[in-house]
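# Chain and residue survey
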Amino acid sequence: MPVLPRAILFDLDDTLIRAYAQPEEAWTRLLHIFSAHLDAHDPATIETVRAAIMGEARAFWNDRAEAAKWRLDIPGARRLSVRRGLEKLGRPDEALADKIADAFTEMRRQEYRLYPDAHATVDALRDAGVKLALITNGAGLTQRAKIERFDLEHRFHHIQIEGEFGQGKPELAVYRHALEKLGCEACDTWMVGDNYEWEVVAPQSLGICGIWYDPFDAGIPANAAAKPSRVIKRLAELVE
Ligand SMILES: [Mg+2]
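Note that the structure is predicted; figures quoted are calculated from it, not measured. (Residues numbered from 1 in each chain as written. Predicted model: local features only at pLDDT ≥ 70, side-chain atom pairs only at ≥ 80, totals over all residues. Heavy atoms only, no water.)

It is worth spelling out the sheet that holds strand β7 (residues 209-213) at this point. Pairing is parallel in the open sheet, where six strands are placed in the order β5-β4-β1-β6-β7-β8. Two strands in the sheet have a free side with no partner beyond their single neighbour: β5 (158-161) and β8 (230-232). Averaged over all adjacent pairs, the angle separating strand axes in this sheet is 20°, with direction ignored. Sheet topology note: the strand β6 (residues 189-193)/β7 ladder contains four bridges and is parallel. Its bridge partner lying in β7, Trp190 is registered against Cys209. Contacts between helix α8 (residues 140-149) and the sheet are confined to β4 (131-136) and β5, with β5 contributing the most and set at about 145° to the helix. (Pairing = 2+ DSSP bridges. Helix = DSSP H or I, 4+ residues; strand = E, 2+ residues; numbered from the N terminus. Axes fitted to C-alpha atoms, helices over the stretch in contact; angles between N-to-C directions. Contact = heavy atoms within 4.5 Å.)

Below, the structure written as structure tokens:
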């Protein structure tokens, strides 16, 4: 076992479980199912619809205040993105947009997967005496359902969900509260997650070691405001 800190904070979505990663592929697959409704009979037209929807989604997820609001209603955010996307293409259709958005939400939900080394890594850290917290953004009910489905609750000393706590990452109050609950100092704590802004830059500003989880080998963003303490491609690297 390598040298470990007193506490580790884990992100949930796309860190312990695969949830929303690689949306391009998922949207393309979903839009093929709706090709007749969309009058999109070739890959290029599907691609145009996908780009319009994802462009609209990106626009409001990039707005910090809007994003904080919509994180608590991801299905609603999807409906809005698809409505705006179809509108942008000059063919507004709210009923069809909602149907497509809801089908995407359900397809993603069915495809959530625990990363294969997640349980073993978390359990090994806990057995080694590390205090563990799960810190996740999103609505209470949505995130609790994932935590139950993937048998995570008993593995953590503290679970903190944005919708229940009232604030989400990257607000510094989120990390401060977690440290207080675990009774640990920032300098003796790691945060592990896939969101560079939320799980590297923000916690490092408090003195927590930000460990960036980069399973798809995306590489550190060119304009990164901080360097992670470490980059891992598999969770098991934490205990090797
Ligand atoms: Mg994440």
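In this structure, Phe10, Leu16 and Phe156 are the most contacted members of the largest nonpolar core, which totals 28 residues. Broken down by element, this core gets its largest block of residues, three residues, from helix α7 (residues 118-127). Not counting residues up to four positions away in its chain, the partners in contact with Phe10 are Leu16, Val122, Leu125, Leu132, Ala133, Leu134, Ile135, Phe156, Met191, Val192, Leu235 and Leu238. Listed in part, the 19 residues of the second largest apolar core include Leu30, Leu38, Phe104 and Met107. (Core = buried A, V, L, I, M, F, W, Y, C linked by side-chain atoms within 4.5 Å. Buried < 20%, exposed > 50% of the residue type's maximum accessible area, 1.4 Å probe, protein only.)

All right, on to the pattern of salt bridges then. Under the definition given, this model contains 21 salt bridges. Between Glu111 and Arg29 there is a salt bridge, with its nearest N and O atoms 2.8 Å apart. Placement of the pair is Glu111 in helix α6 (residues 94-111) and Arg29 in helix α1 (residues 23-33), with a sequence separation of 82 residues. A salt bridge links Glu199 to Lys169, with the nearest nitrogen and oxygen atoms 2.8 Å apart. Pair noted here: Glu199 is in helix α11 (residues 196-204) and Lys169 is in the loop between α9 (162-165) and α10 (172-182), with a separation of 30 residues, a long-range link. (Salt bridge = Lys/Arg side-chain N within 4 Å of Asp/Glu carboxyl O.)

With domains assigned, the protein is organised as domain 1 (7-19 + 113-239) and domain 2 (23-111). Each of domain 1 and domain 2 was reduced to a C-alpha centroid, and the two centroids are 28 Å apart. On the domain 2 side, the residues contacting the 14 residues of domain 1 number eight residues. Counting the surface lost from both domain 1 and domain 2, the interface buries some 800 Å², and carbon and sulfur atoms represent 36% of this. Counting across the interface, domain 1 meets domain 2 through two salt bridges. The partner of Arg71 in a salt bridge is Glu162, and the shortest N-O contact between them spans 2.6 Å. Where domain 1 meets domain 2, there are six residue pairs in polar contact (both at pLDDT 80 or more). (Domains from an automatic or database assignment. Buried area = accessible area lost by both parts, 1.4 Å probe. Polar contact = N/O pair within 3.5 Å; in protein donor to acceptor, adjacent residues only side chain to side chain.)

Here the magnesium ion is held by Asp11 (OD), Asp13 (O) and Asp194 (OD), and the distances to it run 2.1 to 2.2 Å. Site description for the magnesium ion: donor spacing in sequence, D-x1-D-x180-D. You can see Asp11 sitting in the loop between β1 (7-10) and β2 (17-18) and its partner Asp194 sitting in the loop between β6 and α11, a full 183 residues away along the chain. For Asp194, a relative accessible area of 27% gives the class partly exposed. (Donors = N, O, S within 2.8 Å, 3.2 Å for Na, K, Ca; no water.)

With that out of the way, let us pick up the side chain of Ser35. With respect to the helices and strands, Ser35 occurs in helix α2 (residues 35-38). Among the polar contacts listed, one links the side chain of Ser35 to the backbone oxygen of His32, at a separation of 3.0 Å. When sequence neighbours within four positions are dropped, the list of residues in contact with Ser35 reads Ala40, His41 and Ile46.

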